[in-house]
Amino acid sequence: EAGVVQSPRYKIIEKKQPVAFWCNPISGHNTLYWYLQNLGQGPELLIRYENEEAVDDSQLPKDRFSAERLKGVDSTLKIQPAELGDSAVYLCASSLGSGLAANTGELFFGEGSRLTVL
Amino acid sequence: GENVEQHPSTLSVQEGDSAVIKCTYSDSASNYFPWYKQELGKRPQLIIDIRSNVGEKKDQRIAVTLNKTAKHFSLHITETQPEDSAVYFCAAVPVSLIHSNYQLIWGAGTKLIIKP
């Protein structure tokens, strides 16, 4: 079974340019997360989806970041315009889903998209 | 809200020795505590977890202990090997996993270095 797939793996852009990241979660996983991870630090939640609904986006900088999960499967995270401080790894993760008795709690992460803003 | 503190930030041990990483949490309602391992340049992966109705769980060289009274839980790695070198993250879930608002609160991570 395929794991969480993210693209691109690496992206280098100049500041003020837009960038988009794509995530395909594990089939059947209702919950999807976007995390930001700076070097040497833990993951920081940006947004969490339950199916197509964004249930927690309190940490998403909405002036420049946006996300969508159409049809409750794939998701995209966009930054426009990018700033120097946005350089980080953007991790997507999925889990079976809140509210389900079968949910073991495990998050499955993608390989991440490493963004460098020059 | 829940807050998770993790110590130490860096741990260096001789190959073959044991390593212990400790986390404390603030919300007594937390009832699920996973540990994730992240090797350099790779994705975090779950290595072991424990639920609040259990005091200890073991999986080969890895064990996790939970002290609900003191609100801390620890990761123990015995007979450390070079492949154990990684960053380890603890986390806590402040509500039930079947609650619609289930979320992980992460520790800051511990960089474990295994010296040959």
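Predicted, not measured: the structure shown is a model, and the values here were computed from it. In this numbering scheme, every chain counts its residues from 1 along its sequence in written order. All chains are assigned letters beginning with A, and all ligands numbers beginning with 1, in the order in which they are written. Since the coordinates come from a predicted model, pLDDT governs what is reported: local features require at least 70, and pairs of side-chain atoms require 80 or more to be given and counted, while whole-chain, interface and lining totals use all residues. Each side-chain value is derived from all of the structure's non-hydrogen atoms; neither hydrogens nor water enter the calculation.

Notes on the nonpolar core
Here is step 1: Remark: nonpolar core denotes a set of buried residues (Ala, Val, Leu, Ile, Met, Phe, Trp, Tyr, Cys) joined through side-chain atoms within 4.5 Å. In this scheme, a residue with accessible area under 20% of its type's maximum is buried, one over 50% is exposed, and one in between is partly exposed, where area comes from a 1.4 Å probe on protein chains only. W35, F73, L75 and L112 of chain B are the most contacted members of the largest nonpolar core, which has 24 residues in total.
Here is step 2: Breaking this core down by element, the ones donating at least two residues are β2 (10-14), β3 (19-25), β4 (32-38), β5 (45-51), β7 (62-67), β8 (72-77), β9 (86-92) and β11 (110-115) of chain B.
Here is step 3: Residues count as neighbours in contact if any of their non-hydrogen atoms are within 4.5 Å of one another. If sequence neighbours within four positions are ignored, L112 of chain B has contacts with L11, V13, A19, I77, D84, S85, A86 and Y88 of chain B.
Here is step 4: Grouped together as the second largest cluster of nonpolar side chains are 22 residues, W34, A82, A88 and L115 of chain A included. Helix numbers and strand numbers start at the N terminus; a helix is a DSSP run of H or I with at least 4 residues, a strand a run of E with at least 2.

With respect to the sheet that holds strand β1 (residues 5-7) of chain A
Residue and element names in this part refer to chain A.
Here is step 1: The antiparallel open sheet is built from 4 strands, whose spatial order is β1-β3-β8-β7. On the outer flanks of this sheet lie β1 and β7 (65-68), each paired with one strand and no other. Here the strands of the sheet are splayed against their neighbours by 15° on average, with no regard to which way each runs.
Here is step 2: Criterion used throughout: strands pair if DSSP finds at least two bridges between them. Relative to strand β8 (residues 75-79), β7 runs antiparallel, the two being bridged by 4 bridges. For F65, the partnering residue across the bridge sits in β8 and is I79. Each axis is a line fitted through C-alpha atoms, taken for helices only over the stretch in contact, and angles between the N-to-C directions span 0 to 180 degrees.

Some remarks on the sheet that holds β8 of chain B
All names here are of chain B.
Here is step 1: Spatially, the 5 strands line up as an open sheet ordered β1-β3-β8-β7-β6, and their pairing is antiparallel. At either end of the open sheet lies a strand with only one pairing partner, and these are β1 (4-7) and β6 (56-59). Pairs of neighbouring strands in the sheet enclose a mean axial angle of 15°, with direction left out of account.

Description of the packing of aromatic side chains
For any pair of aromatic rings, the description rests on two quantities: the centre-to-centre distance and the angle between the ring planes.
Here is step 1: Pairing of aromatic rings covers Phe, Tyr and Trp, the last through its six-membered ring, and needs centres within 6.5 Å; plane angles under 30 degrees mean stacked, over 60 mean edge-to-face, and all others mean tilted. Applying the stated criterion across every chain, the model contains 13 aromatic pairs over all chains.
Here is step 2: Ring plane angle 20° and centroid distance 5.9 Å describe the contact between Y33 of chain A and Y35 of chain A, whose orientation is recorded as stacked. Here the two residues Y33 of chain A and Y35 of chain A agree in accessibility, since each one is buried.
Here is step 3: Aromatic side chains Y36 of chain B and W106 of chain B sit 5.1 Å apart centroid to centroid with 50° between the ring planes, which places their arrangement in the tilted category.

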